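Summary of structural features
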Amino acid sequence: MPPEPATHASPAALPGYAATGRIDELRATEYRHLDADGQVYLDYAGAGVAAQAQVRAHHDRLLAGLYSNPHSENPTSVAAGSLVESARRAVLDFFRADPAEYAVVFTPNASGACRLVGEAYDFGRAAPLVLTWDNHNSVNGIREYARSAGGSVRYVPLDGPELRVAESDVVAALDAGRGGLTRRWGRSGRGGLFAYPAQSNFSGVQHPLSWVELAHQRGYDVLLDAAAFAPTNRLDLSAVRPDFVCLSWYKLFGYPTGIGALLARRSALARLRRPWFAGGTIRAVSVQGDWHRPMDDESAFEDGTLNFLSIPDVEFGLRWLDSVGLDLVHSRVGLLTEWLLERLATLRHDTGGPLVQVHGPTTGLGRGGTVTFNFRHPDGTLVDERLVAREAAAAGLSLRTGCFCNPGAGEGAFGISRASTRQRLLAGVDTIDQYLTALRLPTGGAVRVSFGLASTATDAERFVAFAQSTYLNREVGAESPLPPRLRC
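Residues numbered from 1 in each chain as written. Predicted model: local features only at pLDDT ≥ 70, side-chain atom pairs only at ≥ 80, totals over all residues. Heavy atoms only, no water.

The next subject is helix 2 (residues 52-64). Each α-helix winds once per 3.6 residues, and so residues spaced three or four apart point in a common direction. If you check helix 2, its first and last C-alpha atoms are 18 Å apart, about what 13 residues at 1.5 Å a residue would give, namely 18 Å. Residues Ala-53, Gln-54, Ala-57, His-58 and Arg-61 constitute the buried set of helix 2. Taken end-on, helix 2 shows its buried residues confined to a sector of 140 degrees, consistent with a single buried face. (Helix = DSSP H or I, 4+ residues; strand = E, 2+ residues; numbered from the N terminus. Expected span 1.5 Å × (residues − 1). Buried < 20%, exposed > 50% of the residue type's maximum accessible area, 1.4 Å probe, protein only. Arc of directions from axis to C-beta.)

Rendered as structure tokens:
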């Protein structure tokens, strides 16, 4: 029998894997709860996992001190406010952002950060919104603000099976209808907003950060969605200067949930005009006089009382991630991702057909640790993603199935045309499953595996073993009823 191809070897045997051994040590100590019941966690694009040290730090801090609403001036309020401000500084330090140039606005999540920009941005006929197809829905939703203000919305399409975006298409969308106005506006005028993900949460594609300056040169502000990128990649705001960056901290290090951030250039933040105000966002207000004066700093965007008991956990999480080493995490995730892609490519039915159809890049070049795909039957038909969800759960695998709140990437992956999507307006198309039938789609979504801070070779191997034993050479059969799809 000939020796197995190198791609069949354990990822632990790959050159460079041993250099990331610190992560295996942490897995056995700080992340040992991941292995307590034989589960395999493969959804880091959905949420990171917390180290035991993070939980201990939260516990110890709350028992060692007393903290209260930072909007007061008593000692417990001052103590809470001091920790919040320390966390702001830690965020700026982590992203190498000049505090004179950038501000940190704490939000409930990355979606909340996007909403802050969308509702307050000065869209209009001369200030459009330009987006790539593969934005998360929290970014897509900004288009409703733009249209309400009379601004146009332009999408930049995905190009080819790798679901990348051609830079020439970005330039064309930014320049469309602008004539000589861009040159007159420069960076000081209302050029519009360009929004795109540093890394697609669907395909794992990493778009060039150089597009930030490309858009700036054309008079645009830039909103960079870094929610999927920042957990395993360095974002250096001293080198790349988007006007707005949205983040969810639980995606970076698992804990705390319910807190995100908008990192904003102070000059861009000053141009936002909020359509309302709330407690904590104003310096003074009059009921009888019908006026209010907003705060002059980032607190003008932090509605109500901040989560002052958990925001300090953001600082600890950043220090923890620094102590592990973001570059180390990046290397480990890259090795596992490339091994998985190579291994999946070798899996073929006895018919010769591939077991897996990957949506996005099939190599490790220019991508992150998110791999999205569908399983195929020997006859080439797709395995229903709901069946995969059920069987993966039974095997103890936590992965993601569905649309991942990224309709544009899904439309690109499944070759859905603009004309066909308008069928949603037809009478009788009320449910997701009816919509899929009208579009003649073979299934309603995909399967997503993603690696992160505590991922190991065993995790990747367990998934491949599940895929091979469950779906290789498995004929289409009568399956038990699957639940209806409720959203996409």
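With that out of the way, let us pick up the packing of aromatic side chains. Following the criterion strictly, the structure yields 14 aromatic pairs and no others. Judged by centre distance (6.1 Å) and plane angle (10 degrees), the rings of Trp-249 and Phe-253 are stacked. In this pair, Trp-249 and Phe-253 are both assigned in helix 10 (residues 249-253), four residues apart and thus about one turn of the helix distant. Phe-253 matches Trp-249 in its accessibility class, with the two residues each being buried. Members of the aromatic cluster, each reached through a chain of ring pairs, are Phe-373, Phe-375, Phe-463, Phe-466 and Tyr-471. A cation sits over an aromatic face here: Arg-234 above Phe-94, 4.9 Å from the ring centre. Its guanidinium or amino end placed over the ring of Phe-404, Arg-448 lies 4.9 Å from that ring's centre, counting from NZ or CZ. (Phe/Tyr/Trp six-rings, centres within 6.5 Å; stacked < 30°, edge-to-face > 60°. Lys NZ or Arg CZ within 6 Å of the ring centre and 35° of its normal.)

In terms of burial, strand 2 (residues 102-107) is a largely internal element, six of the six residues being buried. Judged by which residues are buried, strand 2 turns out to be covered on both faces: Tyr-102, Val-104 and Phe-106 on one side and Ala-103, Val-105 and Thr-107 on the other are all buried. The sheet contact formed by strand 2 and strand 8 (residues 260-265) spans six bridges and is antiparallel. Bridging from a neighbouring strand, Phe-106 pairs with Ala-261 of strand 8. (Pairing = 2+ DSSP bridges.)

Our focus in this paragraph is empty space enclosed by the protein. All told, the structure shown has one cavity of 30 Å³ or more when counted by the stated rule. Considered as a void within the structure, the largest cavity measures approximately 150 Å³ in volume. Forming the walls of the largest cavity are 18 residues, and the residues nearest its centre are Tyr-44, Ala-228, Pro-231, Thr-232 and Phe-451. For the lining of the largest cavity, the secondary-structure elements that each account for two or more residues are helix 10 and helix 13 (326-346). (1 Å grid on protein atoms, 1.4 Å probe; cavity = no way out; pocket = protein on both sides within 12 Å on 5 of 7 lines; lining within 4 Å. Points joined across faces, edges and corners; volume = space filled by probe spheres on them.)

This part takes up the sheet that holds strand 8. Pairing between the strands of a sheet comes from backbone hydrogen bonds, and it takes one of two forms, parallel or antiparallel. If you walk across this open sheet you meet the seven strands as 2-8-7-6-5-3-4, and the pairing is mixed. In the strand order of this sheet, the two ends are held by strand 2 and strand 4 (153-156), each with one partner. The average undirected angle you get between the axes of adjacent strands in this sheet is 20 degrees. Set on the sheet, helix 3 (residues 75-94) makes contact with strand 2 and strand 8; between it and strand 2 the angle comes to about 120 degrees. Each of strand 3 (129-132), strand 4 and strand 5 (193-197) touches helix 7 (residues 167-175); the most contacted strand, strand 4, lies at about 170 degrees to it. (Axes fitted to C-alpha atoms, helices over the stretch in contact; angles between N-to-C directions. Contact = heavy atoms within 4.5 Å.)

With antiparallel pairing, the four strands of this open sheet are ordered in space as 11-12-15-14. Because the sheet does not close on itself, it has two edges, and the strands there are strand 11 (356-359) and strand 14 (400-402). When the angles between neighbouring strand axes are averaged without regard to direction, this sheet yields 30 degrees. As paired elements, strand 11 and strand 12 (residues 370-375) share four bridges and run antiparallel to each other. By the bridge assignment, His-359 is partnered in strand 12 with Thr-372. Contacting strand 12, strand 14 and strand 15 (446-450), helix 14 (residues 385-394) runs over the sheet at an angle of about 160 degrees to strand 14.

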